[in-house]
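# Notes for the structure review
Here is how the chains run, residue by residue.
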Amino acid sequence: MALLTKAPRGTQDILPKDSYQWRFLETVAMETAALFGFKEIRTPTFEHTELFHRSVGDTTDVVQKEMYTFTDKGNRSITLKPEGTAGAVRAAVEHGLLADALPLKVSYLTSCFRYEKPQAGRLREFHQFGVEMLGSQSPAADAEVIGLAYEIFKVLQVQNLTLELNSIGCPQCRPKYHQALKAYFEGHKDELCETCLSRLETNPMRILDCKSPVCSEIAKGAPVVLDFICDECREHFEGVKTRLDKMGIAYTVNPHIVRGLDYYTKTVFEFVTSQIGAQGTVCGGGRYDGLVEELGGAKTPGLGFAMGLERLLLLLAAQQNELPEPRACELYIASIGDAANIKAGELCARLRDEGFYVECDTMGRSVKAQMKYANKIGAKMSMVLGDSELESGKAQLKDMDTGESSPVELGEELTRRLYDAGLARATSELSDQIGDADILRLLGQQE
Ligand code: HAM
């Protein structure tokens with residue numbers, strides 16, 4: 001029975017009392033990205049397992065330990081996506097999007113799945129907002145993508161986030177670094193975990209992000225990649241830093257960042273905080289100049305980032321950032337008797353057409369119970385319809401804050417009074433974000 005009434009470990013329900021905060025974050029992120037020219041892409045929740053082996057990499061923790069992989073009824077190996085980049089790049093190649101005007105800029109909101117040990121800020125199903133930009137190898141693209149993450153945090157007034165930056169080189173300089181790492185870890189062979197022992201042969205860089213305490217302690221003394229990068233990578237890195245300096249985006253170079261996924265080349269970055277416990281990386285990303293080719297497309301550079309929405313919300317809560325309140329009911333229309341209830345429904349329909357948030361009784365409650373409900377939902381105004389109101393076409397409009405009532409005609413005057421009270425559509429945060437003109441266009445009511 002407990003299985004029926006408890007969500008699986010590492011997952012969480014997002015309840016109505018919290019979901020508006022999610023909607024707000026998602027809207028800010030997507031709309032800010034739109035100002036940089038990113039357009040939304042939606043890709044499947046699951047992909048062929050091979051896609052993640054090829055992109056995220058066979059020797060990563062994500063692929064070796066954390067994927068939700070199963071065989072479907074058609075005997076295919078399927079994996080719930082552990083991250084958003086692979087699917088987005090696969091879709092771009094599959095649909096020939098790279099033949100259009102470059103750079104291709106896509107944004108996404110997605111659930112991701114990783115079988116990790118759950119703790120604060122670490123879940124098995126979590127949510128990412130991410131972007132990918134394909135087609136540019138210029139450091140200007142790196143600055144633009146980092147600038148977008150920065151701008152989103154600025155709009156949300158997030159504080160105490162540090163941007164940490166590194167370059168992890170390219171296929172030209174990486175082998176030299178691998179050699180140095182190998183030589184270092186050979187000296188600690190007896191202490192490494194079994195997974196890392198095999199990584200020593202296949203991909204020594206992955207030992208650097210092993211979560212086992214012994215391996216991570218040893219990794220602290222390992223050579224850093226920044227000392228091994230080639231001239232081209234160094235020049236690129238300088239180009240990124242110069243641009244960030246000019247944009248007023250503060251960063252620290254952290255030569256220990258290698259990221260946990262295999263596809264990265266050159267620039268990598270993380271936005272980190274110490275305010276939400278051990279899982280303090282709120283956003284991570286970087287360049288992946290070999291990935292498109294690896295997935296069967298033409299050689300095309302790319303880069304992007306993803307932010308974990310759970311961690312971002314934890315941080316906003318820790319900083320007591322005031323997210324906008326959800327819109328409250330603007331008018332509750334109570335009714336006595338069937339005829340009045342029908343009239344209330346008719347008025348609600350008309351006022352909703354005008355963009356007001358109105359409610360009426362759908363429970364067959366007494367007028368006292370209806371008013372109790374109106375109070376509970378925080379209705380700003382209320383009125384009661386009975387036989388005499390139906391006859392006169394007038395009712396008492398009550399301001400629920402002050403308790404004051406005044407007569408109102410149920411036709412145009414009611415609409416006007418609601419507008420006069422400042423309760424028009426613009427009180428919706430979402431409409432503030434995307435603009436009234438857009439909403440009208442969506443509703444097919446273009447002015
Ligand atoms: P990632 O660093 O693996 O990168 O994940 C990005 C962000 O997702 C992390 O910084 C963190 O905020 C959040 N995150 C990761 N795992 C969990 C978890 N188990 N629970 C809660 N939040 C988590 C990527 O996924 C890359 N695809 C990012 C990227 C896009 N690079 C280039 N383009």
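Since the structure is predicted, the reported quantities are computational estimates derived from the model, not experimental observations.

It is worth spelling out the overall build of the protein chain at this point. Broken down by element type, the protein chain carries 17 helices and 16 strands. Considering only C-alpha atoms, the protein chain reaches an extent of 90 × 55 × 45 Å along its principal axes. When each of the 447 residues of the protein chain is scored for burial, the buried share is 48%. Sequence-distant contacts, at least 24 apart, represent 70% of the contacts inside the protein chain between residues at least 6 apart. When the accessible surface of the protein chain is summed, it comes to about 22400 Å², and 50% of that surface belongs to carbon and sulfur atoms. Side-chain charges of the protein chain comprise 50 positive and 64 negative groups, with the mean position of each set lying 3 Å from the other.

This part covers the site of the ligand. Lining the immediate environment of the ligand, one finds 27 residues, of which Glu-83, Thr-85, Arg-114, Glu-116 and Tyr-264 sit closest. Glu-83 is positioned such that a nitrogen or oxygen atom in its side chain is 2.6 Å from a nitrogen atom of the ligand. Within the backbone of Gly-308, a nitrogen or oxygen atom sits 3.2 Å from an oxygen atom of the ligand. In the complex, the protein chains occlude 96% of the 660 Å² of accessible area that the ligand would expose alone. Elements represented by at least two residues in the shell around the ligand include exactly strand E6 (125–134), strand E10 (281–287) and strand E11 (302–308). The greatest single-element share of the shell around the ligand, amounting to six residues, is contributed by E10. Considering only residue class, the shell around the ligand consists of 11 nonpolar, nine polar and seven charged.

With that out of the way, let us pick up the sheet that holds strand E16 (residues 405–409). What the five strands build is an open sheet, ordered E13-E12-E14-E15-E16; its pairing is mixed. Looking at which strands have only one partner, the edges of the open sheet turn out to be strand E13 (358–360) and E16. Strand after strand, the sheet turns through a mean of 25 degrees between neighbouring axes, direction not considered. Sheet analysis places strand E14 (residues 381–385) next to strand E15 (residues 394–399), joined by two bridges and oriented antiparallel. Counted as the bridge partner of Ser-382 is Lys-398 from E15.

With that out of the way, let us pick up helix H2 (residues 49–57). Of the positions making up H2, those classed as buried are Thr-49, Leu-51, Phe-52, Ser-55, Val-56 and Gly-57. Down the axis of H2, the smallest arc covering the buried residues is 155 degrees, so these residues share one side. Those residues of H2 that are buried are in contact with strand E2 (46–48), helix H3 (61–66), strand E3 (69–71), strand E4 (77–80), helix H4 (85–94) and helix H10 (291–294).

Right, let's talk about the sheet that holds strand E5 (residues 104–113) for a bit. Pairing is mixed across the open sheet formed by eight strands, whose spatial order is E1-E5-E6-E11-E10-E9-E7-E8. The sheet is open, and its two edges are formed by strand E1 (39–40) and strand E8 (252–253), each paired on a single side. Each of strand E7 (162–167), E8, strand E9 (265–272) and E10 touches helix H9 (residues 231–247); the most contacted strand, E7, lies at about 160 degrees to it.

Below, the discussion takes up the nonpolar core. Taken as a class, soluble globular proteins show a tendency for nonpolar side chains to be buried jointly. Counting residues in each nonpolar core, the largest one holds 91 residues, and the members touching the most others are Phe-129, Phe-185, Phe-305 and Leu-312. When residues of this core are assigned to their parent elements, the largest contribution, eight residues, is made by helix H5 (residues 139–155). If we skip the residues at most four places from it in the chain, Leu-312 touches Leu-25, Phe-153, Leu-156, Val-158, Val-282 and Met-307. One finds Ala-340, Leu-351, Val-358 and Leu-385 within the second-largest nonpolar core, a separate group that totals 20 residues.

Turning our eyes to something else, we now look at the domain arrangement of the protein chain. You can read the domains of the protein chain as domain 1 (16–173 + 229–318) and domain 2 (331–420). Computed over C-alpha atoms, the centres of domain 1 and domain 2 are 49 Å apart.

At the junction of Leu-102 and Pro-103, the peptide bond is cis and its omega measures out at 0 degrees in the coordinates. Along the chain, the position of Pro-103 falls in the loop between H4 and E5. Positive phi, close to 50 degrees, is recorded for Lys-266, a residue that is not glycine. As for its placement among the helices and strands, Lys-266 is situated in strand E9. A positive phi angle, close to 50 degrees, is found at Gln-320, a residue other than glycine. Within the secondary structure, Gln-320 sits in the loop between helix H11 (309–318) and strand E12 (331–335).

This paragraph deals with a positive patch on the surface. Where like charges cluster on the molecular surface, the positive patch consists of Arg-365, Lys-368, Lys-372 and Lys-376. Tracing the backbone through its elements, the reader meets Lys-376 in helix H13 (residues 367–376).

Scoring rules and cut-offs
Residues numbered from 1 in each chain as written. Predicted model: local features only at pLDDT ≥ 70, side-chain atom pairs only at ≥ 80, totals over all residues. Heavy atoms only, no water. Helix = DSSP H or I, 4+ residues; strand = E, 2+ residues; numbered from the N terminus. Buried < 20%, exposed > 50% of the residue type's maximum accessible area, 1.4 Å probe, protein only. Contact = heavy atoms within 4.5 Å. Areas by Shrake-Rupley, 256 points an atom, 1.4 Å probe, with all protein chains shown as cover. Lys, Arg positive; Asp, Glu negative; His and termini not counted. Charge placed at Lys NZ, Arg CZ, Asp CG, Glu CD. Near = heavy atom within 4 Å. Polar contact = N/O pair within 3.5 Å; in protein donor to acceptor, adjacent residues only side chain to side chain. Nonpolar A, V, L, I, M, F, W, Y, C, P; charged D, E, K, R; others polar. Pairing = 2+ DSSP bridges. Axes fitted to C-alpha atoms, helices over the stretch in contact; angles between N-to-C directions. Arc of directions from axis to C-beta. Core = buried A, V, L, I, M, F, W, Y, C linked by side-chain atoms within 4.5 Å. Domains from an automatic or database assignment. Patch = residues over 30% accessible without salt bridge, like charges linked within 9 Å, V, L, I, M, F, W, Y side chains within 5 Å. Salt bridge = Lys/Arg side-chain N within 4 Å of Asp/Glu carboxyl O.

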